[in-house]
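Read off the chains here:
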Amino acid sequence: MFEPSDDVIVEWRAATVGLLDHLCLEVNKYLKRELGGNEMTLAQLLEAGSWKGGREIAEINRPNTKEPPILIDSDGTVF
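Some remarks on the layout of surface pockets
Next up, step 1: A volume near 1,000 Å³ is recorded for the largest pocket.
Next up, step 2: Every residue lining the largest pocket is counted, 26 residues in all, and those nearest its centre are Trp-12, Trp-51, Arg-55, Pro-68 and Ile-72.
Next up, step 3: Breaking the lining of the largest pocket down by element, the ones donating at least two residues are helix 1 (7-30) and helix 3 (42-61).
Next up, step 4: Looking at the lining of the largest pocket element by element, the count peaks at 10 residues for helix 3.
Next up, step 5: Among the residues forming the lining of the largest pocket, the class breakdown is 13 nonpolar, 8 polar and 5 charged.
Next up, step 6: Of the volumes computed, that of the second largest pocket is approximately 160 Å³.
Next up, step 7: Taken together, the residues of the lining of the second largest pocket sort by class into 4 nonpolar, 3 polar and 4 charged.

Have a look at this one:
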């Protein structure tokens, strides 16, 4: 279990946000026609694709704990 400020957590989050930032561009390109001139924001992608999707995947892959692959000592308020 790691603290939110531990290097491994900070780097994990940085890599995740970097990947999602790139993914957001690709999603917007792919959905350009369906979005009708609008674009999905990074916050929207995080909410739908990372937080919600991650919890659903964790529930399937780790049914006993439903936890992320790296445990963080947090009360759930740390982004």
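There's more to say after this.
What about the pattern of salt bridges?
Next up, step 1: Taken as a whole and assessed by the stated rule, the structure comprises 1 salt bridge.
Next up, step 2: Salt-bridge contacts for Lys-29 lead to Glu-26; the nearest nitrogen and oxygen are separated by 3.4 Å. Of this pair, Lys-29 and Glu-26 both sit in helix 1, 3 residues apart, which is roughly one turn of the helix.
Next up, step 3: On the basis of relative accessible area, Glu-26 is assigned to the partly exposed category, the value being 34%.

Here's the deal with the side chain of Asn-28
Next up, step 1: The residue Asn-28 is located in helix 1 in this model.
Next up, step 2: Overall, Asn-28 belongs to the buried group, its relative accessible area being 8%.

Focus: helix 3
Next up, step 1: The largest bend in helix 3 is about 35°, located at Gly-53.
Next up, step 2: The set of residues buried in helix 3 consists of Leu-45, Leu-46, Gly-53 and Ala-58.
Next up, step 3: Turning to helix 3, the residues buried within the fold contact helix 1.

Observations regarding helix 1
Next up, step 1: In this model, helix 1 (24 residues) spans 34 Å end to end at C-alpha, consistent with the 34 Å of a helix rising 1.5 Å per residue.
Next up, step 2: Looking at the packing, one finds that the buried side of helix 1 touches helix 2 (32-35) and helix 3.

About the criteria used
- Residues numbered from 1 in each chain as written.
- Predicted model: local features only at pLDDT ≥ 70, side-chain atom pairs only at ≥ 80, totals over all residues.
- Heavy atoms only, no water.
- 1 Å grid on protein atoms, 1.4 Å probe; cavity = no way out; pocket = protein on both sides within 12 Å on 5 of 7 lines; lining within 4 Å.
- Points joined across faces, edges and corners; volume = space filled by probe spheres on them.
- Helix = DSSP H or I, 4+ residues; strand = E, 2+ residues; numbered from the N terminus.
- Nonpolar A, V, L, I, M, F, W, Y, C, P; charged D, E, K, R; others polar.
- Salt bridge = Lys/Arg side-chain N within 4 Å of Asp/Glu carboxyl O.
- Buried < 20%, exposed > 50% of the residue type's maximum accessible area, 1.4 Å probe, protein only.
- Bend = angle between axes of the 7 residues up to and from the residue.
- Contact = heavy atoms within 4.5 Å.
- Expected span 1.5 Å × (residues − 1).

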